[in-house]
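# What the coordinates show
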Amino acid sequence: MLEIRNLTAEVDGKAILKGIDLTVQAGEVHAIMGPNGSGKSTLSSILAGRDGYTITGGTVTYQGQDLLALPAEERARSGVFLAFQYPVEIPGVSNIYLLKAAVNARRRHIGLPELDAMDFLSLVREKVKFMEMDESMLYRAVNEGFSGGEKKRNEILQMIMLEPSLALLDETDSGLDIDALKVVSKGVNSLRSPDRAMILVTHYQRLLDYITPDQVHVLSAGRIVKSGGPELAHELERQGYAWLGDGAPARGTAPGAAR
Amino acid sequence: MSQAVTHFQGEFARLAGSLPGAGHPVLDGLRAAALARFVREGLPGIRQEDWKYTSLASLERRPLPVAAADAPEMPTLSAVVAQAVLPDAVHRLVFVDGHFAPSLSRHTLPAGVRAGSLANRLADQPDGSLPFAVDRLLAASAAPAPTGVPAAGSSLAVLNLALGADGFDLHIPAGVVIDAPILVLFVSASAETTSLPTSHIRLDAGARATVIEQHFTLHEGASLTSVVERITLAPAADLHHIKVQHANSKAQHVADTEATVAANAQLHSLVLALGGQLAREDLRITLAESGAHADLDGLYLARGRMHLDHHTTVHHASPTCTSAQDYRGILDEAGRGVFNGRVIVAKDAQHTDAQQHNANLLLSENAEIDTKPQLEIFADDVKCSHGATIGQLDPAELFYLRSRGLDETAARSLVTFAFAARALHRIDSLSPLFAALRTLLFARLPGGSALEDLTR
């Protein structure tokens, strides 16, 4: 599904990623953990195609194509989805409007007919209900005036509507209370399937209590310094990031610490 | 003597005898005095601070004759309704070239509500109509207003008093609530003419209404529409006043609107300037008694070589009044915008809450905006804020949309539309009015036609 080889990238001349290697197979869920500033969000932004990063080396292959050569919108249409850490507010554009535009852009790309208004509406209503959201939010402006939890639910709603092949969740658990975390996890788990892959980027282990990853990677100072199974997340929870030693910043905060 | 002065003197000589109420000594006197002020001052010029960025030179060079009451090209009802933001409006009053067109109008307003032609009132009861409100224009000379007092209307607005024959006349008695919007269409049907509609809106205590005023051209030539409008809200009255201007790209539109808001009354004003080669809106609101409130939303969308100028004044004359202003501009191609917003808080107007914001989106290197928010505070216990921003499209918003599969062009169109749509925040986004305004915006925004498909 996704193969990252020796990826290096910088922002404003400062190296952020210093050689990432990562292979994610269809059906797998990978968690990328690490202290603040380790490059976690940079990695998900680069995969989704955000501007402002200079790729200085390496390759990213997604479903056999050179992902880095595609503009952001084509990545989205071919099934890459980024759930934002900070979802953007877009006043004046209703949620349902954006959902419809996004779903139809994806359907056109894969050769499916656009959904008609009735089919679209019944589909979106079902998903809204599943995410335990109020239907009225469909007619509100995208993320405008939403609480942190509502924004994150909305990201997951978009995700389950778009049914991506590769889902990137950037700190989706941050700012969520326990109820919202459960709903968001339910949404994510509902998408797990043999033909889909997910990368969860997170600072804390908490999310992984609800979404069990197949593999956990620790990112530190722009490199993956350790990989393992789900038990690695628990180890990090107990010991913080500092024990990683070389490559990990000494003042890394402990995951799970209250803040 | 200036060409415009000579021209309108000639028009006065031609038309004065046929104006409604002509022969009534007080009216005749007012009109003569109004003309005298125009002759004395001529058109406003760029040496006046208020007209620094907006030149009426083309009007000076080529003044157009005042349109006759019976337009030679009287439009058909379907041509007019096709342009209306609410084609099915039950209350529809149509003015063609500034003159009331009863054959195109209809309404089912309750007895006691007066809605129709100012000319009829002038002709029927000139005495009763003399509190014309416009005499303030006359009283004011070219001398600047004293500090802390809004200036009166310009010398151009004075022409409406001298030569204006008709306009929209609305009076809603105390306690009457009109639910359905009253749609007032000002149609410029004859090219190469000047229209001078003068409108009066009066809501007595506790009355409520929504008035949608729409100004457009049904020709492709030059024309001037110069509007004078006076709004009076008695205590606890509530008026939604929506003005949509979408004249053709050769037409000029100038408006001088003044509103007085009494105790606990509310004025909700929305001005959409979407057309015209040159359009200038002066809006002066006086919050005259305590508890009065005004909110002012505005949107100007200048492209091609359009020049759109908004001058607003909110005068907090009494304590505990509130005002909130949000004007936003989109300047594309070689479009030019001017925003000048004054908020004046009088010495005794304690506990005033006045907010003002002007946001501008520059989409082209050749576009231009001159913005000047001004606060003049003479009281000491007030909460006031003002500010202006000028920027480009937000890259974070663009990326968010692209990451959902929208291409760059669609994303740019959508973010631009979103910026504009914030001006419509008081209109129910599921209402037919919102849909009609959205269509008007889509037709004028880059890439808007693609967005229109998405809303179906």
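Residues numbered from 1 in each chain as written. Chains lettered and ligands numbered in written order. Predicted model: local features only at pLDDT ≥ 70, side-chain atom pairs only at ≥ 80, totals over all residues. Heavy atoms only, no water.

Right, let's talk about the pattern of salt bridges for a bit. All names here are of chain B. Tallied over the full model, the rule gives 34 salt bridges over all chains. Put simply, glutamate 11 and arginine 14 hold a salt bridge, and the shortest N to O gap is 2.7 Å. Taken as a pair, glutamate 11 and arginine 14 lie in helix α1 (residues 3-15) at a separation of 3 residues, close to a single helical turn. For glutamate 11, a relative accessible area of 8% translates into the label buried. In this structure, lysine 243 and glutamate 281 form a salt bridge, with 2.9 Å as the shortest nitrogen-oxygen distance. With lysine 243 in strand β10 (residues 238-246) and glutamate 281 in strand β13 (residues 278-287), the pair connects residues that are 38 residues apart, well separated along the chain. The two residues lysine 243 and glutamate 281 agree in class, both being buried. (Salt bridge = Lys/Arg side-chain N within 4 Å of Asp/Glu carboxyl O. Helix = DSSP H or I, 4+ residues; strand = E, 2+ residues; numbered from the N terminus. Buried < 20%, exposed > 50% of the residue type's maximum accessible area, 1.4 Å probe, protein only.)

The next subject is the pairing of β10(B). All names here are of chain B. The element β10 is largely enclosed, with a buried count of 8 among its 9 residues. Pairing of strand β8 (residues 208-217) with β10 involves 9 bridges; the strand directions are parallel. Pairing of phenylalanine 216 across the sheet is with histidine 246, part of β10. Two elements, β10 and strand β12 (residues 266-273), share 8 bridges in a ladder whose sense is parallel. Pairing of glutamine 245 across the sheet is with alanine 273, part of β12. (Pairing = 2+ DSSP bridges.)

Here the focus is the domain arrangement of chain B. Interface size, as often reported, equals the accessible area lost upon joining of the parts. Residues and elements named next belong to chain B. Looking at the assigned domains, one finds that chain B contains domain 1 (3-392) and domain 2 (396-456). Put simply, the middle of domain 1 and the middle of domain 2, counted by C-alpha atoms, are 28 Å apart. Contacts between domain 1 and domain 2 engage 23 residues on the former and 19 residues on the latter. The junction of domain 1 with domain 2 conceals about 1800 Å² of combined surface from both sides, 75% of it contributed by carbon and sulfur atoms. (Domains from an automatic or database assignment. Contact = heavy atoms within 4.5 Å. Buried area = accessible area lost by both parts, 1.4 Å probe.)

What follows concerns the interface of chain B and chain A. Listed by partner, the interface residues are 24 residues for chain B and 32 residues for chain A. The junction of chain B with chain A conceals about 2300 Å² of combined surface from both sides, 66% of it contributed by carbon and sulfur atoms. At the boundary of chain B with chain A, the tally comes to 3 salt bridges. For the salt bridge of A:Glu73 with B:Arg402, the shortest nitrogen-to-oxygen distance reads 2.7 Å. The interface formed by chain B and chain A contains 9 residue pairs in polar contact (both at pLDDT 80 or more). Contributions of two or more residues to the side of chain B that touches chain A are made by α8 (395-402), α9 (408-421) and α11 (448-454) of chain B. If you tally residues by element for the side of chain B that touches chain A, the top one is α8(B), at 6 residues. Taken together, the residues of the side of chain B that touches chain A sort by class into 13 nonpolar, 4 polar and 7 charged. (Polar contact = N/O pair within 3.5 Å; in protein donor to acceptor, adjacent residues only side chain to side chain. Nonpolar A, V, L, I, M, F, W, Y, C, P; charged D, E, K, R; others polar.)

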